[in-house]
Amino acid sequence: MACGIAGIVLPEPGPVGAILTEMLDALQHRGPDSAGYGLYLDVDTAVFVLELPAEDGEMEILGEVERALEGRQLKRVERIAEDTSTRVYRLFVEGFSTGRQGQRELAEVVERIENSDITVLSAGHGFEILKDVGTAAEVSEQYGVEAIEGTHGIGHVRFSTESEVDRYHAHPFQSHMVPNMAVVHNGQITNYYTIREQLEIKGYQFKTNNDSECIVVYVADKLRDGYSLEEAMEEAIRDLDGPFCFIISTPNAIAVARDPLGLRPGVIGFGKDGAVAVASEEVALRRIFGDELEGIEQIEPGEYEVFEVGGRS
């Protein structure tokens, strides 16, 4: 048994949450431990997903968040999940710059928020990560994923072979230093500690001890250094050791890469309406496309593909 990964790019904004839930449900046999989604919403605001201790006063804690925003406008707050010890909120915030300046501003706000008792589960411009222990159907129901509209996204069902099984070690992972991108991964990065040490020397921070987290930080570092997404994927295939297939998502694209020996599977499906989907197994593609499936391609060992929102790269 191994993890299952999925990604979808729609020709226009649509039910991205429901589609990914269907894909992950078809892959559920690959991982029963946890599930997660990285979703690009059709909104022009920053989106924060925050975990608060259940015993703390809601208004007091949200007041701390507003102070961390330093005058930016908190447009809407939604409680989206809760259990006996925590509550999870989605916040929509206006007032961030665009481009790299906006990324820096988001990263600074994340750092200020996390100086309190609040955990930032995700932060991005029109982007959010929703993940937890449980099946894809359970996580989708808990967080209302099927109702979410957007342009593209990625998803994961996890079979844990290392690190803890909890909300934080579920996929996707992101780097708050480049907030608008994420990764889902099937496999192992066997030179994880070497890659992580190199990135930590450059100032990057890691939230977990999961080897998958280093992939998104590695690619984010390449993009910050001026590499294109295609160039960053080429470098990743060369520098990362071990069996892997992973999907990187950015505000404008998803990209998938497979290890040079082809030890982890990956297939691409094309819908007649222009949608493109990536998954660990063909069954997920046939689940969502049905008779509208125009074709399927294998991701070759040591190869990558990039699919841009609005058309193939």
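Above this text is the structure in question.
Along each chain, residues carry numbers from 1 onward, in the same order as the chain's sequence is written. Only residues with pLDDT of at least 70 are given local features in this predicted model, and only at 80 or more are side-chain atom pairs given and counted; all residues enter the totals for whole chains, interfaces and linings. Note that the side-chain values use all heavy atoms of the structure and ignore hydrogens as well as water.

Asks: Quick rundown of the overall build of the protein? Include the residues and the values.
Replies: Counting secondary structure elements, the protein contains 8 helices and 17 strands. Radius of gyration means the value over C-alpha atoms here, while the globule rule gives 2.2 Å times the residue count to the 0.38 power. Computed over C-alpha atoms, the radius of gyration of the protein comes to 18 Å, within 12% of the 20 Å expected from 2.2 N^0.38 for 313 residues, which places it in the range of a compact globule. Across its three principal axes, the protein shows a C-alpha extent of roughly 50 × 45 × 35 Å. Throughout, exposure labels follow a simple rule: accessible area from a 1.4 Å probe, protein chains only, divided by the maximum for the residue type, with under 20% read as buried, over 50% as exposed, and the rest as partly exposed. Burial analysis of the protein (313 residues in total) assigns 57% to the buried set. A contact between two residues is defined here by any heavy atoms of the two lying within 4.5 Å. Long-range contacts, defined here as pairs at least 24 residues apart, represent 70% of the contacts in the protein between residues at least 6 apart. In this tally, Lys and Arg are treated as positive and Asp and Glu as negative; His is ignored, and so are the chain termini. Throughout, a charge is located at the NZ atom of Lys, the CZ atom of Arg, the CG atom of Asp or the CD atom of Glu. Averaging the positions of the 26 positive and the 56 negative side-chain charges in the protein gives two centres separated by 2 Å. For helices the rule is a DSSP run of H or I covering at least 4 residues; for strands it is a run of E covering at least 2, with both sets numbered from the N terminus onward.

Asks: Give me the lowdown on the pairing of strand β12 (residues 253–258), citing residues and values where you can.
Replies: Burial analysis of β12 places 6 of its 6 residues in the buried class, the great majority of the element. Of the two faces of β12, the one carrying Ala253, Ala255 and Ala257 and the one carrying Ile254, Val256 and Arg258 are both buried. Here 6 bridges tie strand β11 (residues 244–250) to β12, and the two strands are oriented antiparallel to one another. Bridged to cysteine 245 within β12 is arginine 258. A loop of 2 residues connects β11 with β12, the two strands running antiparallel in sequence. As judged from the 5 bridges shared by β12 and strand β16 (residues 304–308), these two strands associate in the antiparallel manner. Paired with alanine 253 across the bridge in β16 is glutamate 308. Two strands pair if DSSP finds at least two bridges between them.

Asks: Go over the sheet that holds strand β2 (residues 34–41) with me, naming the residues and quoting the values.
Replies: In sheet architecture, strand pairing relies on hydrogen bonds along the backbone and comes in two forms, parallel and antiparallel. Reading across from one edge, β7-β2-β8-β1-β14-β13-β15 is the order of the 7 strands in this open sheet, with antiparallel pairing throughout. On the outer flanks of this sheet lie β7 (127–133) and β15 (293–298), each paired with one strand and no other. Between one strand axis and the next, the sheet turns through 15° on average, direction left out of account. Bridging between β2 and strand β8 (residues 150–158) involves 8 bridges; their strand directions are antiparallel. Residue alanine 35 lies in a different strand from β8, and its bridge partner there is valine 157. The strands that helix α1 (residues 16–26) touches are β1 (4–14), β2, β8 and β14 (276–279); relative to β1, the one it contacts most, it runs at about 155°. The convention used is that axes are lines fitted to C-alpha atoms, helices contributing only their stretch in contact, and that angles between N-to-C directions extend from 0 to 180 degrees. In the packing of helix α4 (residues 136–143) onto the sheet, contacts are made with β2, β7 and β8, and the angle to β7 comes to roughly 125°.

Asks: Got a sec to walk through the side chain of threonine 45? Specific residues and values, please.
Replies: Examined against the element boundaries, threonine 45 turns out to sit in the loop between β2 and β3 (46–53). For threonine 45, a relative accessible area of 11% translates into the label buried. Residues in contact with threonine 45, not counting those within four places in the same chain, are Phe92, Val93, Glu94, Gly124, His125 and Gly126.

Asks: Help me get a handle on the environment of arginine 238, residues and values and all.
Replies: Following the sequence through the fold, arginine 238 ends up in helix α7 (residues 229–239). On a C-alpha basis, the gap between arginine 238 and proline 260 in space is 8.4 Å, while along the polypeptide they are 22 residues apart. Distance and chemistry together define a polar contact, namely a pair of N or O atoms within 3.5 Å, with one atom able to donate a hydrogen and the other to accept it when in protein, and with adjacent residues in sequence counting only for side-chain atoms on both sides. Reaching out from arginine 238, the side chain makes a polar contact with the side chain of glutamate 235 at a distance of 2.8 Å.

Asks: Go over the packing of aromatic side chains, please, and point to the residues and values.
Replies: Two aromatic rings, drawn from Phe, Tyr or Trp (for Trp, its six-membered ring), form a pair once their centres lie within 6.5 Å of each other, and the interplanar angle then sorts them: stacked below 30 degrees, edge-to-face above 60, tilted otherwise. Inspection of every chain in the model, using the stated rule, returns 5 aromatic pairs. Ring geometry for tyrosine 40 versus phenylalanine 127: centroids 4.6 Å apart, planes at 35°, classification tilted. One end of the pair, tyrosine 40, is in strand β2; the other, phenylalanine 127, is in strand β7, with 87 residues separating them in the sequence. When its relative accessible area of 0% is taken as the criterion, phenylalanine 127 is described as buried.

Asks: An account of unusual backbone geometry is requested, with residue identities and associated values reported.
Replies: A cis geometry characterises the amide bond from histidine 171 onward to proline 172, with omega recorded as 0°. Non-glycine residue glutamate 70 carries a positive phi angle of around 50°. Residue classification places glutamate 70 among the exposed positions, given a relative accessible area of 53%.

Asks: Go over the environment of arginine 258, please, and point to the residues and values.
Replies: Examined against the element boundaries, arginine 258 turns out to sit in strand β12. Given a relative accessible area of 12%, arginine 258 falls into the buried group. Residues arginine 258 and tyrosine 168 lie 90 residues apart in sequence; the distance between their C-alpha atoms is 25 Å. Leaving out residues up to four positions away in the same chain, arginine 258 has contacts with Ile237, Phe244, Cys245, Arg264, Pro265, Gly266, Ile299, Glu300, Pro301, Gly302 and Glu303. Polar side-chain contacts of arginine 258 include one of 2.6 Å to the backbone oxygen of isoleucine 299.

Asks: A description of the packing of α1 against helix α8 (residues 282–289) should follow, citing residues and the corresponding values.
Replies: Packing of α1 against α8 leaves a shortest axis separation of 8 Å and a crossing angle of 140°. Accordingly, the angle class assigned to the pair α1 and α8 is oblique. Remark: the crossing between α1 and α8 carries right-handed chirality. For the pair formed by α1 and α8, the contact residues are Ile19, Glu22, Met23, Asp25 and Ala26 on the first element and Val283, Ala284, Leu285, Arg287 and Ile288 on the second. When residues are grouped by polarity, Ala, Val, Leu, Ile, Met, Phe, Trp, Tyr, Cys and Pro land in nonpolar, Asp, Glu, Lys and Arg in charged, and all others, Gly among them, in polar. Here the residues of the contact of α1 with α8 sort into 7 nonpolar, no polar and 3 charged. These descriptions rest on fixed angle ranges, namely under 35 degrees for roughly parallel, over 145 for roughly antiparallel, 65 to 115 for roughly perpendicular, and the rest for oblique. In a left-handed crossing the near helix is turned counterclockwise from the far helix by less than a right angle, and in a right-handed crossing that turn is clockwise.

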